[in-house]
Amino acid sequence: MSEAENQATSILLPSSGVAVYSRDKTTVVSAQAIKEDWRFARVDIQVSEGDIETAIEAYQNAPSPDLIIVQTDTVDESFTGRLEALAPHCSEGTAAIVIGPENDVYLYRQMIEMGVSDYLVRPVETSILADVIAKTVIEKIGVTGSRLIAFAGAKGGVGTSVIAQSLAWAVSETLGQKTILLDASGGWSTLGVGMGFEPSTTLAEAVRAAEAQDEDSLARMLFKASDHLSVLASGGDAMLEQSITASQYERLLDMLMVKYPVVLVDLSASASDLKNAVLARANQVVLVSTATLPALRLGRSVLQEMKEIRGDSDEGIEMVINMQGFAPANEVPKADIEKAMDFKPAAMIPFDPKLFVGNESEGKKLIDDKAGNALVHNVLLPVLQRTLASDLAGTQVVEEQSGGIGGLINKITKKA
Ligand SMILES: Nc1ncnc2c1ncn2[C@@H]1O[C@H](COP(=O)(O)OP(=O)(O)OP(=O)(O)O)[C@@H](O)[C@H]1O
Ligand SMILES: [Mg+2]
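Not measured: the values here are computed from a predicted model. (Residues numbered from 1 in each chain as written. Chains lettered and ligands numbered in written order. Predicted model: local features only at pLDDT ≥ 70, side-chain atom pairs only at ≥ 80, totals over all residues. Heavy atoms only, no water.)

On to the layout of surface pockets. Its boundaries defined by the atoms lining it, the largest pocket holds a volume of some 670 Å³. Looking at the largest pocket, it is lined by 38 residues, and the ones nearest its centre are Gly-159, Ser-161, Val-162, Thr-190 and Glu-360. If you list the elements that add at least two residues to the lining of the largest pocket, you get α7 (160-174), α8 (191-195), β12 (317-324) and α15 (353-361). In the lining of the largest pocket, the residues fall into 16 nonpolar, 16 polar and six charged. (1 Å grid on protein atoms, 1.4 Å probe; cavity = no way out; pocket = protein on both sides within 12 Å on 5 of 7 lines; lining within 4 Å. Points joined across faces, edges and corners; volume = space filled by probe spheres on them. Helix = DSSP H or I, 4+ residues; strand = E, 2+ residues; numbered from the N terminus. Nonpolar A, V, L, I, M, F, W, Y, C, P; charged D, E, K, R; others polar.)

Written out as structure tokens, the structure is:
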């Protein structure tokens, strides 16, 4: 599978416009049905009864969308001639897909040479049309290759930020990936403490630079933690004001994802709408919880909402149970967590204040400590295994643990 195909099957597609011109009922119905596909929530699909002439007419005075799909009954020279006539009315980035009546290799080649992205044969099933559009949109808009990994806590203070930061180091240093770490919490960010910088900017400034496509300004807002790891040095925002919108934040992500193969976003302590937007489009979500009842109860609910915004699927979501052993008598054992949440934790991290808070207080990163390094590489890094699969060959996988306080399961599942 190519990278674009790989991404097309699993992410919320970027904002884009698609126009479909067809006189064929099945094609029209298939195209309309795509609007129901969760991946297309931000793709504006306009379906018109028409043909290549209607398309030529439409873009005489109006800007063309990112992708034009034209269905045709005739595929001789006259059609390719009209396709050439359409080209001058389209902006440079516009892609075209043709749906024709027959499978003709010669014609297929000719159209691909003309710059047509794909040639499909009628009737086209919705799922095939959706996949072809998704792939084309990703290729055109340029959100390729890059992996967006979001970290969210079931509740506050469960260690989401320290886990995001430790994995940022591991992904950049150990896997050698060019990585950027962002904190979406504005003035509540503790990133400066964890990564050792004074916040020099705000989320509001960063999204302004992204909206203006001002790469130089944005570059100045980055703290270079190492050769491979950059951090957006935000945190100077007012704490009691919401300064940016989710769509502005997404523009920032769009811009960074073109430049950084791995983008990590710490969502702890951030606004719900930013959480929603990032969780919906992330390739991977790491949900952090503790094994205590309040955290698991919230974890169960947020997991459900996450699935809903990710196309009713838990694919790409991993759960990390942190601070295990913090209150041993009151914690739910792993096997019971799995049963109650109907979800298997990918990793368990022990409660170790000396290691975590100790290093934090001295301004040291976890991976510089021997035990911390082992924990990050052997337990945490494998959680990103599926998303960063090719870079992770040979890492150890966390050992199974089990226990049994069955009664707690009911307490987690029971609605508050
Ligand atoms: N496994 C652990 N053992 C002991 N202390 C830990 C552990 N994990 C995190 N901590 C400590 O818990 C505190 C909270 O961690 P952190 O700031 O990462 O949580 P958070 O979930 O991001 O919080 P917030 O909701 O405020 O953003 C920090 O002092 C951190 O060092
Ligand atoms: Mg945090």
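Here the focus is the packing of helix α9 (residues 203-211) against helix α11 (residues 246-259). At a minimum axis distance of 8 Å, the contact between α9 and α11 shows a crossing angle of 65°. For the element pair α9 and α11, the recorded crossing hand is left-handed. Where α9 abuts α11, its residues Leu-203, Ala-206, Val-207, Ala-210 and Glu-211 lie against Gln-248, Tyr-249, Arg-251, Leu-252 and Met-255. By residue class, the composition of the contact of α9 with α11 is seven nonpolar, one polar and two charged. (Axes fitted to C-alpha atoms, helices over the stretch in contact; angles between N-to-C directions. Left-handed = near helix turned anticlockwise from the far one by under 90°. Contact = heavy atoms within 4.5 Å.)

The five strands are arranged β2-β1-β3-β4-β5 in an open sheet whose pairing can be described as parallel. Strand pairing shows two members of the sheet lacking a second neighbour, β2 (43-49) and β5 (118-121), which therefore form its edges. Ignoring which end each strand starts from, the neighbouring axes of this sheet average 15° apart. Each of β1 (16-22), β2, β3 (67-71) and β4 (95-100) is contacted by helix α2 (residues 25-34), which is oriented at about 160° to β2, the strand it contacts most. (Pairing = 2+ DSSP bridges.)

Right, let's talk about the coordination of the magnesium ion (ligand 2) for a bit. Around the magnesium ion (ligand 2), the protein contributes the donor atoms Ser-161 (OG) and Ser-268 (OG), which lie 2.1 to 2.2 Å from the metal centre. Linking Ser-161 in helix α7 with Ser-268 in the loop between β10 (262-266) and α12 (272-281), this pair joins segments that are 107 residues apart in sequence. On the accessibility criterion, Ser-268 (16% relative accessible area) is buried. (Donors = N, O, S within 2.8 Å, 3.2 Å for Na, K, Ca; no water. Buried < 20%, exposed > 50% of the residue type's maximum accessible area, 1.4 Å probe, protein only.)

One way to put it is that α11 packs onto α12 with a least axis distance of 9 Å and a crossing angle of 40°. Considering the angle they form, α11 stands oblique to α12. In the packing of α11 onto α12, the handedness of the crossing is right-handed. Packed against α11, whose contacting residues are Ala-246, Tyr-249, Glu-250, Leu-253, Asp-254 and Met-257, the element α12 presents Asp-273, Leu-274, Ala-277, Val-278 and Arg-281 at the interface. Looking at the contact of α11 with α12, its residues break down into seven nonpolar, no polar and four charged. (Parallel < 35°, antiparallel > 145°, perpendicular 65-115°, else oblique.)

Among the 19 residues in the neighbourhood of ligand 1, the closest are listed as Gly-157, Ser-161, Val-162, Asn-322 and Glu-360. Take Gly-157: an N or O atom from its main chain is 2.9 Å from an oxygen atom of ligand 1. Contacts to ligand 1 include Ser-268, whose side-chain N or O atom sits 2.9 Å from an oxygen atom. Protein contact buries 81% of the 640 Å² of open area that ligand 1 shows by itself. (Near = heavy atom within 4 Å. Polar contact = N/O pair within 3.5 Å; in protein donor to acceptor, adjacent residues only side chain to side chain. Areas by Shrake-Rupley, 256 points an atom, 1.4 Å probe, with all protein chains shown as cover.)

Our next topic: the pairing of β4. The element β4 is largely enclosed, with a buried count of five among its six residues. In terms of strand pairing, β3 meets β4 through five bridges, oriented parallel. Of the residues in β4, the one forming a bridge with Val-70 is Val-98. Read from β3 through helix α4 (residues 77-86) to β4, the crossover connection turns out right-handed. (Right-handed = clockwise from strand over helix to strand, strands pointing away.)

Let's shift gears to the side chain of Glu-331. Within the fold, Glu-331 resides in the loop between β12 and α14 (334-341). Of note is the side chain of Glu-331, whose polar atom sits 2.8 Å from the backbone nitrogen of Gly-325.

The share of residues in the protein with pLDDT of 70 or more is 89%, and the mean pLDDT across the chain is 88. Looking across the protein, the model is least confident in helix α17 (residues 407-413), with a mean pLDDT of 44, and most confident in β12, with 98. The model gives residues 393-416 a pLDDT under 50, and that stretch makes 48 contacts with residues more than four places away or in other chains. (pLDDT = per-residue confidence, 0-100.)

Okay, unusual backbone geometry next. Peptide bonds are mostly trans, and most non-glycine residues show a negative phi. The omega torsion across Arg-122 and Pro-123 is -5°, close enough to zero to call that bond cis. Relative to the elements of secondary structure, Pro-123 occurs in the loop between β5 and α6 (126-141). Even without glycine at this site, Asp-342 takes up a positive phi of about 55°. Tracing the chain through its elements places Asp-342 in the loop between α14 and β13 (347-350).

Pairing is mixed in the open sheet, where eight strands are placed in the order β8-β9-β7-β10-β6-β11-β12-β13. The two strands at the open ends of the sheet, each matched to only one other strand, are β8 (222-224) and β13. Between one strand axis and the next, the sheet turns through 20° on average, direction left out of account. For β8 and strand β9 (residues 229-232), the ladder comprises three bridges, and the chain directions are antiparallel.

The next subject is the pairing of strand β11 (residues 284-290). With seven of seven residues buried, β11 lies mostly within the body of the structure. Along β11, one buried face is formed by Gln-284, Val-286, Val-288 and Thr-290 and the opposite face, lined by Val-285, Leu-287 and Ser-289, is buried too. Note that strand β6 (residues 147-153) and β11 share five bridges and pair parallel. Paired with Phe-151 across the bridge in β11 is Val-286. Pairing analysis gives six bridges linking β11 to β12, with the strands arranged parallel. Paired with Val-286 across the strands is Glu-318, a residue of β12. On the question of chirality, the crossover connecting β11 to the parallel β12 by way of helix α13 (residues 293-309) is right-handed.

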